[in-house]
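Residue strings, one per chain:
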Amino acid sequence: MENRYTQISKEDLEDLKEAFDKIDIDHSGYVSDFELQELFKEASLHLPGYKVREIVETFIAGDTNKDEKISFNEFVSIYQELKSKEFSETFRKLLTRKVGINSFGGTSGVSCEGTQHSYSEEEKVAFGRWINKALGKDPDCNHLLPINPNDESLFASLRDGIVLCKLINLSQPDTIDERVINTKKLTTFTRRENIVLALNSASAIGCTVVSIDAHDLMAGKPHLVLGLLWQIIKVGLFADIEITRNEGLIALLMEGEELDHLVSLSPEELLLRWVNYHLINAGTKTINNFSADIKDSRAYFHLLDQISPQDEDEFHMGIKINMAGLSERDLERRAELMLQEAAKLDCRQFVSPRDVTSGNNKLNMAFVANLFNMHPGLHKAKFNLDGEHIEAETREEKTFRNWMNSLGVSPHVNHLYRDLCDGLVILQLLEKVKVVVNWKKVNNPPYPQLGGNMKKLENCNYAVKLSKDEAKFSLVGVGGENLNEGSLTHILAVVWQLMRRYSVMVLSDLGGGEKVADQFILNWVNSTLKEKRKDTRISSFKDQLISTSLPVIDLIDAIAPSMVKWDMVKRGEKGVLKKDEKINNAKYAISLARKIGARVYALPDDLVEVKPKMVMTVFACLMGHDMKRGKN
């Protein structure tokens, strides 16, 4: 193996070894493809998605042991090949940049200024304190909280899955039916059930969990724990930073700007605009980011002054922000004075003074999002909207969006009609459902100012062609121009068939690759119910009996005996259930399905309202889980 190193200088080799060791934070001697992907993300290296995929694929292809792990020798060997590529120098700089390595901080208690552990330590402290504040009064968490931010308690606190489940419900209420969480007399098995429930539920709200399993969380792997926690917390923080959920954001509309453009902005973009709205009102300089531009705390002082309640009434006390801290020359001391003012608004979360002065983008964005949620301080829009109506995202659209994001598509999908118009997300999803995509044919951003839309249209045409010719989707009347124009009807037609194929893909794999028809799934449901002597049967995925969720619950009991607690199930008088009883059963059924290991994206309302498409995916996921379990 030594001869592999002859083309690399001793200095470069030492840099590679240092980088490898810091990526390999559990000191196993190996790194995974997931860790490599995280390295690019956390280092903020602005490579197009296809280049990141090429690098990862190159590493995987060089995994000579075929164990899906990469040793240092394999790492160096493939690095030599990468050096001949156009991005090799950028890649080398990435590996040796301290900021990229810092993001991975290890589990070591040694955390000095500027060391590789500082960034991870900051996240650990911030997330631990957030959990303490959010769940401190929850009796089911008494045995775990408060988390000590100065040791490794955070990682240990997640090992039984209870805190994770509670945190998911905090971010997206009612995602998990808490009757399903194991809270008493915990064993290794019941802890694992909780974590499986949490992971599948996190996936359902749009978190990317494809490279995390229960073992990783029970082992407390720091980078995976922190990555998952950030995703869950971010979902909650960003939930209301969306115009159809918070029409006060219309106040951010600029003169001459179309409302459609404001609606299309991502939560991050809206948050930045919200800060600048208040800074403009304060007559001070605006910011362009949540890193370099906030280090001096100036923007924060003015923001707090603008959003603090000024008038006293029977419900609120007026709060005066002390601006004297702006004259403090020591930036860290100034940041501390600013945070003392934020504490008056009950908003001293996520950042320490040093997080502010170092410009920690992630934690500062969380700090600002929490400020927005607590004290938006928005007033009526300045401009007449002439009765313009904003269409809220439908439940179906939200489910599709969460499904895409859970698979790790890039860029993150905030709006179906906007974020799919260049075809890249559709092409990534096609690859996820085992359609071969020739990425050399794909145009990647940044797109040129002149002719850029033509490049996007070419991608969309290619996506539709693959969907029709290779995936065999039925897309009558759907062309690339429909995706490019953001036609929601046509986008939904493509996305639904992608999601359907993804849902039944495991059935095709286990069944020899043949196309799975709805009738095949339906037959399995009824035969399984009959075999286990259950009374329920369904005639189709439109059968109104599904509104009771009893066929789903019976099926779960058939494939996972003793999982159902029958005293939780409502059967109604003479088999007739009231609406609240149906909802009660549906919530229980969906959470049970996720707890036994089925990655279900459908929502309880989909069962109650008997939405055939979503109903089919529930039964397909249960069938796939059962077949996969049987095969293993």
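Rules behind the numbers
Residues numbered from 1 in each chain as written. Predicted model: local features only at pLDDT ≥ 70, side-chain atom pairs only at ≥ 80, totals over all residues. Heavy atoms only, no water. Helix = DSSP H or I, 4+ residues; strand = E, 2+ residues; numbered from the N terminus. Buried < 20%, exposed > 50% of the residue type's maximum accessible area, 1.4 Å probe, protein only. Contact = heavy atoms within 4.5 Å. Areas by Shrake-Rupley, 256 points an atom, 1.4 Å probe, with all protein chains shown as cover. Salt bridge = Lys/Arg side-chain N within 4 Å of Asp/Glu carboxyl O. Phe/Tyr/Trp six-rings, centres within 6.5 Å; stacked < 30°, edge-to-face > 60°. Core = buried A, V, L, I, M, F, W, Y, C linked by side-chain atoms within 4.5 Å. Expected span 1.5 Å × (residues − 1). Polar contact = N/O pair within 3.5 Å; in protein donor to acceptor, adjacent residues only side chain to side chain. Axes fitted to C-alpha atoms, helices over the stretch in contact; angles between N-to-C directions. Parallel < 35°, antiparallel > 145°, perpendicular 65-115°, else oblique. Left-handed = near helix turned anticlockwise from the far one by under 90°. Nonpolar A, V, L, I, M, F, W, Y, C, P; charged D, E, K, R; others polar. Lys, Arg positive; Asp, Glu negative; His and termini not counted.

*Asks:* Outline the overall build of the protein chain, listing residues and values.
*Replies:* Summing up its helical and strand segments, the protein chain has 29 helices and two strands in all. In the protein chain, buried positions account for 55% of the 632 residues. By sequence separation, contacts in the protein chain at least 24 residues apart represent 61% of the contacts at least 6 residues apart. Entry remark: accessible area of the protein chain is about 29400 Å², with carbon and sulfur atoms responsible for 49%.

*Asks:* Which residues make up the pattern of salt bridges, and what values do they have?
*Replies:* Here the idea is simple: oppositely charged side chains can pair when their charged atoms come close. As enumerated under the stated definition, the model contains 26 salt bridges in all. Here lysine 166 ties to glutamate 178 by a salt bridge, and the two come within 2.7 Å at their closest N and O atoms. Note that lysine 166 is positioned in helix α9 (residues 162–171) and glutamate 178 in the loop between α9 and α10 (188–204), a separation of 12 residues in sequence. Note on lysine 166: relative accessible area 6%, which makes it buried. Of the charged contacts in the structure, one is a salt bridge between arginine 179 and aspartate 177, with a shortest N-O distance of 2.5 Å. Owing to a relative accessible area of 25%, arginine 179 belongs among the partly exposed residues under this scheme. The exposure class of aspartate 177 is buried, given its relative accessible area of 10%. Through salt bridges with shared partners, a single ionic network connects Asp138, Asp140, Lys166 and Glu178.

*Asks:* Explain the packing of aromatic side chains to me, using residue names and the numbers behind them.
*Replies:* The geometry of two aromatic rings is summed up by the distance between their centres and the angle between their planes. Across all of its chains, the model carries six aromatic pairs by this definition. Their ring planes at 25° and their centres at 5.9 Å tell us that phenylalanine 541 and phenylalanine 619 sit as a pair that is stacked. Linking phenylalanine 541 in the loop between α25 (518–531) and α26 (550–559) with phenylalanine 619 in helix α29 (residues 612–631), this pair joins segments that are 78 residues apart in sequence. Of the residues examined, phenylalanine 541 reaches a relative accessible area of 7% and is grouped as buried.

*Asks:* Lay out the nonpolar core with the relevant residues and their values.
*Replies:* Generally speaking, soluble globular proteins have nonpolar side chains that are buried together. Within the largest apolar cluster, 175 residues are counted, with the highest numbers of intra-cluster contacts made by Trp274, Met404 and Ile521. A per-element tally of this core places helix α12 (residues 222–238) first, with 11 residues. Excluding anything up to four places from it in sequence, isoleucine 521 contacts Val504, Leu507, Val516, Phe541, Met616, Phe619, Ala620 and Met623.

*Asks:* Tell me what's going on with helix α18 (residues 361–374), and back it up with residues and numbers.
*Replies:* Compared with the 20 Å implied by 1.5 Å per residue over 14 residues, the 20 Å span of α18 between its first and last C-alpha is a close match. The element α18 is extensively covered by neighbouring structure, given that 11 of its 14 residues are classed as buried. All buried positions along α18 are accounted for by Lys362, Leu363, Asn364, Met365, Ala366, Phe367, Val368, Ala369, Asn370, Leu371 and Phe372. Where α18 starts, the residue carrying a side-chain oxygen 3.3 Å from the main-chain nitrogen of lysine 362 turns out to be asparagine 360.

*Asks:* Could you give an account of α26, naming the residues involved and the relevant values?
*Replies:* With 10 of 10 residues buried, α26 is to be regarded as a mostly interior element. Here α26 has its buried residues at Leu550, Pro551, Val552, Ile553, Asp554, Leu555, Ile556, Asp557, Ala558 and Ile559.

*Asks:* Can you explain the packing of α25 against α26? Please cite residues and give values.
*Replies:* As a packed pair, α25 and α26 sit with axes 9 Å apart at the nearest point and diverge in direction by 65°. Relative to α26, the element α25 is oriented roughly perpendicular. For the element pair α25 and α26, the recorded crossing hand is left-handed. Only Pro551, Asp554, Leu555, Ala558 and Ile559 of α26 make contact with α25, whose side of the interface consists of Trp524, Val525, Thr528 and Leu529. For the contact of α25 with α26, a count of residues per class yields seven nonpolar, one polar and one charged.

*Asks:* I'd love a proper account of the environment of lysine 441, names of residues and values included.
*Replies:* Structurally, lysine 441 can be placed in the loop between α21 (424–432) and α22 (452–469). Using a relative accessible area of 55% as the deciding quantity, one classes lysine 441 as exposed. For the pair lysine 441 and asparagine 459, spaced 18 residues apart in sequence, the C-alpha separation works out to 8.1 Å.

*Asks:* So what's going on with the side chain of aspartate 160? Residues and values would help.
*Replies:* Structurally, aspartate 160 can be placed in the loop between α8 (153–157) and α9. One buried charged residue, aspartate 160, remains without a salt bridge, the closest side chain of opposite sign being arginine 191 at 5.1 Å. Polar side-chain contacts of aspartate 160 include one of 2.9 Å to the side chain of histidine 143. Residues contacting aspartate 160, with those up to four places away along its chain left out, are His143, Leu144, Leu186, Arg191, Asn194 and Ile195.

*Asks:* Let's hear about the side chain of threonine 617: which residues, and what values?
*Replies:* Looking at the secondary structure, you find threonine 617 in helix α29. A residue is classified by how much of its surface remains accessible, and threonine 617, at 2% relative accessible area, is buried. Within polar-contact distance, the side chain of threonine 617 engages the backbone oxygen of methionine 614 at 2.6 Å.

*Asks:* Account for the packing of helix α15 (residues 298–307) against α18, naming residues and giving values.
*Replies:* As a packed pair, α15 and α18 sit with axes 12 Å apart at the nearest point and diverge in direction by 15°. By the criterion of interaxial angle, the relationship of α15 to α18 is roughly parallel. Read as a crossing pair, α15 and α18 show a hand that is left-handed. Contacts between α15 and α18 involve Tyr300, Leu303, Leu304 and Ile307 on the former and, on the latter, Asn364, Phe367, Val368 and Leu371. The residue inventory of the contact of α15 with α18, partitioned by class, reads seven nonpolar, one polar and no charged.

*Asks:* Which residues make up unusual backbone geometry, and what values go with them?
*Replies:* With the exception of glycine, most residues fall at negative phi, and the peptide bonds are largely trans. The residue after serine 410, namely proline 411, is reached through a cis peptide bond having omega 5°. Within the secondary structure, proline 411 sits in the loop between α19 (395–406) and α20 (416–419). Its identity is not glycine, yet aspartate 174 carries a phi of approximately 70°, on the positive side. By the secondary structure assignment, aspartate 174 is in the loop between α9 and α10. Assessed through its relative accessible area of 54%, aspartate 174 is described here as exposed. Despite not being glycine, serine 549 shows a phi value in the positive range, around 65°. As for its placement among the helices and strands, serine 549 is situated in the loop between α25 and α26.

*Asks:* Can you explain the environment of isoleucine 596? Please cite residues and give values.
*Replies:* Relative to the helices and strands, isoleucine 596 is located in the loop between α27 (579–595) and α28 (604–608). For isoleucine 596, a relative accessible area of 11% puts it in the buried group. For the pair formed by isoleucine 596 and asparagine 194, sequence separation is 402 residues and the distance between their alpha carbons is 9.5 Å. When residues no more than four places from it in sequence are discounted, the contact partners of isoleucine 596 are Ile556, Ile559, Ala560, Met563, Leu622 and His625.

Spatial relationships are all this shows, so hold off on functional conclusions.
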